[in-house]
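If you want the building blocks of each chain, they are given just below.
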Amino acid sequence: MGIALLVFFVMIHFTLGLVTITLAHIAFNIPFVTLVVRARLHGYDNAIDEAAMDLGANEMMTFWRVTLPTILPGVLSGAMLALTLSLDDYVITYFTAVRDPPHFH
């Protein structure tokens, strides 16, 4: 994946640096975070959202006060997993970081 991202960034003439490292780690971690959060959402009952709206809450208030606290363990688990995987995956960082070209004499 590190080599593929390096080739992609070079093909689109993107300057390697902190932005490319961040984008590479986001691309690497999205499937893991999605899996954890979807597992938490699997048993989610939409009736509690409907009950909140029946009691006068709008969509944003329902999300912030009902939905997010319910799925927060899954979101935090996904964030911790992403952090752990990012710290562990040195290869992606190596290939998407700026390196000095070799100097031949």
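Preceding this paragraph is the structure being described.
Residues numbered from 1 in each chain as written. Predicted model: local features only at pLDDT ≥ 70, side-chain atom pairs only at ≥ 80, totals over all residues. Heavy atoms only, no water.

Visitor: Mind laying out the overall build of the chain, listing which residues take part and the relevant values?
Guide: Secondary structure assignment for the chain yields five helices and zero strands. Tracing the chain from N to C terminus, the helices and strands come up as α-α-α-α-α. A compact globule built from 105 residues would reach a C-alpha radius of gyration of about 13 Å, whereas the chain, at 20 Å, exceeds it by more than 25%. In terms of overall dimensions, the chain has C-alpha extents of about 75 × 25 × 15 Å along its principal axes. Sorting the 105 residues of the chain into buried and exposed places 26% on the buried side. When contacts within the chain are restricted to residue pairs at least 6 apart in sequence, long-range pairs at least 24 apart make up 71% of them. (Helix = DSSP H or I, 4+ residues; strand = E, 2+ residues; numbered from the N terminus. Rg over C-alpha atoms; globule rule 2.2 N^0.38 Å. Buried < 20%, exposed > 50% of the residue type's maximum accessible area, 1.4 Å probe, protein only. Contact = heavy atoms within 4.5 Å.)

Visitor: I'd like a rundown of the nonpolar core, residues and numbers included.
Guide: Counting five residues, the largest nonpolar core is built from L5, F9, A24, F28 and I92. Mapped by element, the contributors of at least two residues to this core are α1 (2-11) and α2 (18-42). With residues near it in sequence (within four places) discarded, A24 still touches M1, L5, I92 and T96. (Core = buried A, V, L, I, M, F, W, Y, C linked by side-chain atoms within 4.5 Å.)

Visitor: Report on the environment of L18, specifying residues and quantitative values.
Guide: By the element assignment, L18 lies in helix α2. Residue L18 is classed as exposed on the basis of its relative accessible area of 67%. For the pair L18 and T96, spaced 78 residues apart in sequence, the C-alpha separation works out to 8.5 Å.

Visitor: Provide a residue-level description of helix α4 (residues 59-88), including the pertinent values.
Guide: Compared with the 44 Å implied by 1.5 Å per residue over 30 residues, the 38 Å span of α4 between its first and last C-alpha is markedly short. Where α4 bends most, the angle comes to about 55°, and this point is L72, followed within four residues by the proline P73. Of all the residues in α4, the buried ones are T62, T67, L68, I71, G74, G78 and A82. At its buried positions, α4 is contacted by α2 and α3 (47-54). One side-chain oxygen of the residue at the start of α4 lies 3.3 Å from the amide nitrogen of M60, identifying that residue as N58. (Expected span 1.5 Å × (residues − 1). Bend = angle between axes of the 7 residues up to and from the residue. Polar contact = N/O pair within 3.5 Å; in protein donor to acceptor, adjacent residues only side chain to side chain.)

Interpretation note: all reported values are geometric properties and have no functional meaning in isolation.
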